[in-house]
Amino acid sequence: MVVTYYQDKVVTITYDEEQQLGKAVWLGFLTSKEFRAAIEKCLDLMETHKPLRWLGDNRKLRAIRKSDQDWFAEHVFPRLAASSLRRNASIVSEDMFNRMAVEQLIKRADDLGDMVLKDFDTEEEALAWLSSPITLQEETKA
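Residues numbered from 1 in each chain as written. Predicted model: local features only at pLDDT ≥ 70, side-chain atom pairs only at ≥ 80, totals over all residues. Heavy atoms only, no water.

### Observations concerning the overall build of the protein chain
- Per the secondary structure count, the protein chain includes 5 helices and 6 strands.
- What you see in the protein chain, going N to C, is helices and strands ordered as β-β-β-α-β-α-β-α-β-α-α.
- The C-alpha radius of gyration computed for the protein chain amounts to 14 Å, which stays within 12% of the reference 14 Å derived for 142 residues, consistent with globular compactness.
- With the C-alpha coordinates aligned to their principal axes, the bounding extent of the protein chain is approximately 40 × 35 × 30 Å. (Helix = DSSP H or I, 4+ residues; strand = E, 2+ residues; numbered from the N terminus. Rg over C-alpha atoms; globule rule 2.2 N^0.38 Å.)

Dropping the structure here:
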């Protein structure tokens, strides 16, 4: 059963315990305060429920400020690397500036632990990958 973990005007975060899947659906351009607060809510869900899978629906997410990219790289990547996540799917943004910012962030990720990142154009493709069995190699890293 999917439950809404957190929702406001910029993000809806849900959790599916059966699938061990967290999901964030982003909307629009976020202020630094909104972006960081929403990311903290995502991390709270990850640290509380320990999902193996994550889906970031970034289709409607707009540009991410450089200062927020720096904050993400410094504060969020280490927590993601230490998390239970094994698969992290992103549905790419319609916004070119968001796509460029995310590409830059990924280049800065030195070590994401056991997590595999993959981008998708549709939710169906992302969910198919996320719901497929996790390989033995992925499980032994858990």
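### What to know about helix H2 (residues 66-81)
- The terminal C-alpha atoms of H2 lie 21 Å apart, and with 16 residues this matches the ideal 22 Å at 1.5 Å per residue to within 8%.
- If you check which residues of H2 are buried, you get Asp 68, Gln 69, Trp 71, Phe 72, Ala 73, Val 76, Phe 77 and Leu 80.
- Buried-residue contacts for H2 involve helix H1 (32-49) and helix H3 (96-108). (Expected span 1.5 Å × (residues − 1). Buried < 20%, exposed > 50% of the residue type's maximum accessible area, 1.4 Å probe, protein only. Contact = heavy atoms within 4.5 Å.)

### Some points on the confidence of the model for the protein chain
- Here the protein chain averages 91 in pLDDT, while 94% of its residues score no lower than 70.
- Looking across the protein chain, the model is least confident in helix H5 (residues 136-141), with a mean pLDDT of 48, and most confident in strand S2 (residues 11-16), with 98.
- Here residues 138-142 is a poorly scored stretch, pLDDT under 50, and it has 8 contacts once near neighbours within four places are set aside; other chains count. (pLDDT = per-residue confidence, 0-100.)

### With respect to the pairing of strand S6 (residues 116-120)
- With 5 bridges joining them, strand S5 (residues 87-91) and S6 adopt parallel strand pairing. Within S6, the position partnered with Ala 89 by the bridge is Lys 118.
- Handedness of the crossover joining S5 and S6 through H3: right-handed. (Pairing = 2+ DSSP bridges. Right-handed = clockwise from strand over helix to strand, strands pointing away.)

### As for the packing of aromatic side chains
- Applying the stated criterion across every chain yields a total of 5 aromatic pairs.
- Between Phe 35 and Trp 71 the ring centres are 6.3 Å apart and the planes differ by 75°, which places this aromatic pair in the edge-to-face class. In this pair, Phe 35 sits in helix H1 while Trp 71 sits in helix H2, placing the two residues 36 residues apart along the sequence.
- When its relative accessible area of 10% is taken as the criterion, Trp 71 is described as buried.
- Relative to Trp 129, the ring of Phe 120 has its centre 5.7 Å away and its plane inclined at 40°; by these criteria the two rings are tilted. (Phe/Tyr/Trp six-rings, centres within 6.5 Å; stacked < 30°, edge-to-face > 60°.)

### Brief notes about a negative patch on the surface
- Taken together, Glu 103, Asp 119, Asp 121, Glu 124 and Glu 125 make up a surface patch of like negative charges.
- Looking at the element boundaries, Glu 103 is found in helix H3.
- Exposure remark for Glu 103: the relative accessible area of 48% places this residue in the partly exposed category. (Patch = residues over 30% accessible without salt bridge, like charges linked within 9 Å, V, L, I, M, F, W, Y side chains within 5 Å. Areas by Shrake-Rupley, 256 points an atom, 1.4 Å probe, with all protein chains shown as cover. Salt bridge = Lys/Arg side-chain N within 4 Å of Asp/Glu carboxyl O. Lys, Arg positive; Asp, Glu negative; His and termini not counted. Charge placed at Lys NZ, Arg CZ, Asp CG, Glu CD.)

### What to know about the packing of H1 against H2
- Relative orientation of the contacting elements H1 and H2 amounts to 5°, with a least axis distance of 11 Å. Judged on the interaxial angle alone, H2 and H1 are roughly parallel. Together, Ser 32, Phe 35, Arg 36, Ile 39, Glu 40, Leu 43, Asp 44, Met 46 and Glu 47 of H1 and Ser 67, Asp 68, Trp 71, Phe 72, Val 76, Arg 79 and Leu 80 of H2 make up the contact between the two elements.
- Classifying every residue of the contact of H1 with H2 by side-chain character gives 8 nonpolar, 2 polar and 6 charged. (Axes fitted to C-alpha atoms, helices over the stretch in contact; angles between N-to-C directions. Parallel < 35°, antiparallel > 145°, perpendicular 65-115°, else oblique. Nonpolar A, V, L, I, M, F, W, Y, C, P; charged D, E, K, R; others polar.)

### Some points on unusual backbone geometry
- Unusually for a residue other than glycine, Gln 20 sits at a positive phi of about 55°.
- Here Gln 20 is to be found in the loop between S2 and strand S3 (21-28).
- Taking the relative accessible area as the measure of exposure, Gln 20 reaches 31% and is therefore partly exposed.
- At Lys 50, a position not held by glycine, the phi torsion is positive, near 55°.
- If you trace the backbone, Lys 50 turns up in the loop between H1 and strand S4 (53-61).

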